[in-house]
Each structure stands twice: as C-alpha cells, then as structure tokens.
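Examination of the molecular architecture
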Amino acid sequence: MSQHVADRPAPRTVRPPSLLRSRNFLLLWSGQTVSELGTRIAGVAVPLLAADTLHASVFQVSLLTFLAWLPYLLVSLPAGILADRVDQRRLMILCDLGRGALMLSLPGVALFGQLTLGYLYAVVGLSGVLTVLFTVAYKSLLPGLIPAAQLVDANAKLIMSQDAAELVGPTTSGVLIGLVGAARTFLSNGLAFLVSAVTLLLIRPTPRPTEQRERLPLRVEMTDGLRFIRGQPILLRILACTTTSNFFVMAAGSIEVTFMLRELHATSVQVGLVFSVSAIGGLVVGALAGRLSAWIGSARVIWVAMAAPGPFYLLMPLARPGWGVLLYGVGLAAFSANAVLYNVASTTYRQRITPAAILGRVNAAFLWICFGVIPLGALVGGGLGTALGLRTALWICVLGTWSACLFVVFSPLRTLRDMPEPTVSS
C-alpha cells in the first residue's frame, strides 16, 4: 500500500481565479474607488468652506480635524459589536446613504443662506461616526467575499484606490471649488457615497451559516477584541507598531506644510508636487504588492516593509529650499510605499488568523487604538514644532516613525516566512 501512495503524483496547487473575474469584488472595489475620491475631494473642501466662506479662525478650522477623528475613540468598540451582530453589507449601505445625505445637505443649506460653522461641525462629526461603522464592517466583510489566498491581492487593490484618490482628489477638489464654489463641491462627495451604496446593493455574498451565541454583557463583548489581540503575540506587536507609526506620522503631518512653507520657502505648486510624488510611491508598490509578498514571504514582508524604507525618511528633515524640497517628496514616497505594503500584509494577517465571529470586534479594537492616537499625535507635533523649531521636531517625528519597526522586527514574525492558514473555527 505504501508503494502505491509513494508512486501517486503530488496534488497540483490550484490557483484561485483572478479577482478581475469576481463580480462581488469588482463591485466593492469600484464603489470604494469612487467613495475614496469623494472623500479626498471633501478633505480639501471642508477646511476651505470653513475658512473662506464661514470665516473660521485657525483653531476653529483645526476642530474639524479633531471632530473627524474623535469618533474612532468614542464608537469603535461598540461598532465592532454591531458589525458582528448584523448584516455587514446592509450596515455599510446604510452608512453610505447617511453620509451621502449629510454631504448633500451642505449645498442645500448654503443655498438658503443657513450654513453655519455649528452645522458644519455637526455634519463632520456625524459623518465620522458613520465612517467608523462603515470601516469596521468593511474590513470584516471582505474575507467573506473572496478566497483567503486572494486577500493580499484584494487588500492591495483597495489600498491602491486610496492612493490614486490621494493623487487625483485634491487637484479635482481645487478645480471644482474654483468652478462652483466650496459648498456645491459637496454634491460630488454626496453622489460618490450614493454610488458606493448602489455597488454594495448589487453584491451577492455567499450566505454563511449563522451560529447562535450566548449574548454576553455589553462591557464583556466590547473588550472581546482586545482580549483576543492580547492572546496573539504577533498581532499585539503589529498593533504596537501601527499605533506608534500613526502617532509620529500624524505628528509630522501636522507641521509638514508649515515646514515646507516657512523653512523651505516652497510655493503652492511645489507643495502640491511633493504630495503627488508621495502618492506615486504607494501606487507603484500597491501594484506590486502581491508579487513582493510572494517573493519576500507573506509574513516576513510585514517587518521588512516597516524597516527597509526607514533611511529614506531622513530625507524629509534634510530637505532644503529650491528643488531640494523634492527630497521631502522622496521621503514621503518611501513612507507611502511602506504604508501600502505593510497595511496590506498586516491587515491580511489579521483577517486570516481571526475567527469570523469576532473579526468585527478585533478590527474595531485596532481602529480604537491605532486611530485613537491620531489627534494626540497632531497636538504633540504642533507642540514640538513650537518649542523646538520645525526642523528639529521633524527629526524627532521621522526617527519615531522608523522606530515603530522595532516592535515587529523583534517579534516572532522573524521566524516566519509565510502566514498561517486562515482560522475557520470560532
């Protein structure tokens, strides 16, 4: 018998079909691409509407950023419970419809001369809550739409859409604002959310058997994700790495435009060119993410992506006036490339090892911590720039960003080449 087994040819590895043939993924991808573009358009239109039309002060404008990110601290954990209890696709559709209605209300209110700063704050805050709910459900829905072997490719394509929107969105927003004004620009943002809702409505996910679970107290369920992460040494290191990186990246982001204007004497054209160059780095690596992951190793690439680009970050505080400002763009492009490759790999790892029954709560715990430090990072960056000077503060920020890699370099990831098989039990 053993002879027959030995002579039997080894089974051939069956490659999953291309994602470009997956109707569900193409619908999700196209909808998110349009939605991301609309979001980037609003990212420019919101502060301009507040500053130019409503004559808000610098502090009042900064509150818009605070309100946009505050919901990640307030509602991420409850959002995880909700995403695990309800139909995730329907939740995303409702969030898109809600965000679309909020955005479309701005030009309507402005048309009747009733637009106030308080109303803009309310729209931004409520949109932030819906965005948190959408994001938690979105990261939990994807693994149910495609085979586990395609998660790297799928996450890469979705993140590429974000970088493409980052490249095109601000310029598009500027053109629209010049043509129709800041308030009417939100028509495009609202329509983008409606397009996303329609594409989600057309998705036909494979029904999965629902498992009856004992309902635990809300306080216990809210911490389920955190407990799971604490029991996973690699996931815990990834969380620490991402959180540290986000903190210092936002600290640098809060002073980078001021640094380019005051220290490098850059023109508005040069500043725009810097951000365009940075987006290209993410687009290129996003297109190659699947191949790079296969070549380096789907698990090993997590710490390599964080550690390898670090020396290029140092070009940012080394930038000088004139064309030397492009050094800043090269440093940002390196970070953009790192962010795409790292986020694709780390998100895929989290999706593969987390049981589907608690994936929403685990994703919510990540958002709560990783995005919760963003407002604090922005405040610290401004404080460092004021106390130590912009260039010194930038040195601290880029070295802090690079130091985040230590959490994953000195972790069990160093002994792994590829990710474990996905968890199927709960």
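Structure report, in brief. This one's a predicted model, so the numbers in the text were calculated from it and none came from an experiment.

A few words now on the packing of helix α5 (residues 117-145) against helix α16 (residues 359-370). Closest axis-to-axis distance for the α5/α16 pair is 9 Å, and the angle between their directions is 135 degrees. In this view, α5 runs oblique relative to α16, as classed from their interaxial angle. Note that α5 runs across α16; the crossing there is right-handed. Across from Thr135, Val136, Lys139, Ser140 and Pro143 in α5, the residues of α16 making contact are Leu359, Gly360, Asn363, Ala364 and Leu367. Considered class by class, the residues forming the contact of α5 with α16 number five nonpolar, four polar and one charged.

With that settled, the discussion passes to the nonpolar core. Grouped together as the largest cluster of nonpolar side chains are 53 residues, with contacts concentrated most on Leu28, Met92, Leu120, Leu142, Ile146 and Phe186. Looking at this core, the elements that each hand over two or more residues are α2 (23-53), α3 (58-85), α4 (88-111), α5, α6 (151-180), α7 (182-202) and α16. The greatest single-element share of this core, amounting to 15 residues, is contributed by α5. Of all hydrophobic cores here, the second largest spans 39 residues; its members include Ala156, Ile229, Leu235 and Ala345.

A separate point is the pattern of salt bridges. All told, the structure shown has four salt bridges when counted by the stated rule. For the salt bridge of Arg361 with Asp84, the shortest nitrogen-to-oxygen distance reads 2.7 Å. Residue Arg361 is found in helix α16, and its partner Asp84 is found in helix α3; the two are separated by 277 residues along the sequence. Taken as a pair, Arg361 and Asp84 share a single burial class, namely buried. For Arg417, the salt bridge is made with Asp418, and the minimal N-O distance between the two is 3.1 Å. Overall, Arg417 belongs to the partly exposed group, its relative accessible area being 34%.

On to the packing of aromatic side chains, then. Summed over all chains, the structure comprises eight aromatic pairs. Centre to centre, the rings of Trp69 and Tyr72 are 5.4 Å apart; their planes meet at 35 degrees, and the pair counts as tilted. Placement of the pair is Trp69 and Tyr72 together in helix α3, with a separation of three residues, close to one helical turn. According to the relative accessible area criterion, Trp69 is partly exposed, its value standing at 24%. When its relative accessible area of 6% is taken as the criterion, Tyr72 is described as buried. Following the ring pairs from residue to residue traces out a cluster consisting of Trp69, Tyr72 and Phe371. Taking NZ or CZ as reference, Arg350 lies 4.3 Å from the ring centre of Phe366, over its face.

Criteria and thresholds
- Residues numbered from 1 in each chain as written.
- Predicted model: local features only at pLDDT ≥ 70, side-chain atom pairs only at ≥ 80, totals over all residues.
- Heavy atoms only, no water.
- Axes fitted to C-alpha atoms, helices over the stretch in contact; angles between N-to-C directions.
- Helix = DSSP H or I, 4+ residues; strand = E, 2+ residues; numbered from the N terminus.
- Parallel < 35°, antiparallel > 145°, perpendicular 65-115°, else oblique.
- Left-handed = near helix turned anticlockwise from the far one by under 90°.
- Contact = heavy atoms within 4.5 Å.
- Nonpolar A, V, L, I, M, F, W, Y, C, P; charged D, E, K, R; others polar.
- Core = buried A, V, L, I, M, F, W, Y, C linked by side-chain atoms within 4.5 Å.
- Buried < 20%, exposed > 50% of the residue type's maximum accessible area, 1.4 Å probe, protein only.
- Salt bridge = Lys/Arg side-chain N within 4 Å of Asp/Glu carboxyl O.
- Phe/Tyr/Trp six-rings, centres within 6.5 Å; stacked < 30°, edge-to-face > 60°.
- Lys NZ or Arg CZ within 6 Å of the ring centre and 35° of its normal.

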